[in-house]
Amino acid sequence: MNKLLIVLLALQLTGCATARTLDAAKPGAPVVYAGTRLDLYALNGGCCAKDRFGAEAPSYPGVDLPGSALLDTLLLPLSLLTALGVGFQATGGM
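Quick look at the structure, then. (Residues numbered from 1 in each chain as written. Predicted model: local features only at pLDDT ≥ 70, side-chain atom pairs only at ≥ 80, totals over all residues. Heavy atoms only, no water.)

Considerations on the overall build of the chain
- Helix and strand counts for the chain stand at six helices and zero strands.
- Of the regular secondary structure in the chain, the N- to C-terminal order runs α-α-α-α-α-α.
- Sequence separation of 24 or more characterises 57% of the internal contacts of the chain that already satisfy a separation of 6 or more.
- Counting every atom, the chain has about 6,700 Å² of accessible surface; 66% of that belongs to carbon and sulfur. (Helix = DSSP H or I, 4+ residues; strand = E, 2+ residues; numbered from the N terminus. Contact = heavy atoms within 4.5 Å. Areas by Shrake-Rupley, 256 points an atom, 1.4 Å probe, with all protein chains shown as cover.)

Here's the deal with the environment of P61
- Relative to the elements of secondary structure, P61 occurs in helix 5 (residues 61-74).
- Here the alpha-carbon distance between P61 and L43, two residues 18 residues apart in the chain, equals 6.4 Å.
- Each residue touching P61, except ones within four places of it in the same chain, is listed here: D39, A42 and L43.

Here's the deal with unusual backbone geometry
- Here the phi dihedral of Y33 falls at roughly 55°; this positive angle occurs in a residue that is not glycine.
- Tracing the backbone shows Y33 in the loop between helix 2 (17-24) and helix 3 (34-43).

Comments concerning the nonpolar core
- Membership of the largest hydrophobic core is limited to six residues, which are A17, L38, Y41, A49, F53 and A55.
- Contributing elements (two or more residues each) for this core: helix 3 and helix 4 (49-53). (Core = buried A, V, L, I, M, F, W, Y, C linked by side-chain atoms within 4.5 Å. Buried < 20%, exposed > 50% of the residue type's maximum accessible area, 1.4 Å probe, protein only.)

Observations concerning a nonpolar patch on the surface
- There is a patch of nonpolar side chains on the surface, built from L78, L81, L84 and V86 and spanning about 370 Å² of accessible area.
- Relative to the helices and strands, V86 is located in the segment after helix 6 (76-84). (Patch = residues over 30% accessible without salt bridge, like charges linked within 9 Å, V, L, I, M, F, W, Y side chains within 5 Å. Salt bridge = Lys/Arg side-chain N within 4 Å of Asp/Glu carboxyl O.)

Considerations on the side chain of T18
- With respect to the helices and strands, T18 occurs in helix 2.
- Judged by relative accessible area, T18 falls into the buried class, the value being 1%.
- Residue contacts for T18: discarding those within four places in its chain leaves G35, T36, S68, L71, D72 and L75.

Considerations on helix 3
- If you check which residues of helix 3 are buried, you get A34, G35, T36, L38, D39 and Y41.
- In this structure, the buried side of helix 3 is in contact with helix 2, helix 4 and helix 5.
- Following helix 3 by one or two positions, G45 adopts a phi angle in the positive range, close to 80°.

Printed below as a string of structure tokens:
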């Protein structure tokens, strides 16, 4: 059962709209609840997700919607700070 859950999570994350929009970095693209908004845009027949969000919509936006809503909610403090223009200049590493 645990292996099935891990496989389902891995498949979900590979098509996750939130993960796609985080990596898009398109100027003017929505930041707050971007993955959820991308899924809803695709469900409502939006034609140009790449132009609007900087990322392609997942193949199954209805399946992706609950996971994206959860991840967008968890990332809400960071996305609000980003929308307000607060940036972190973190450097370093190993």
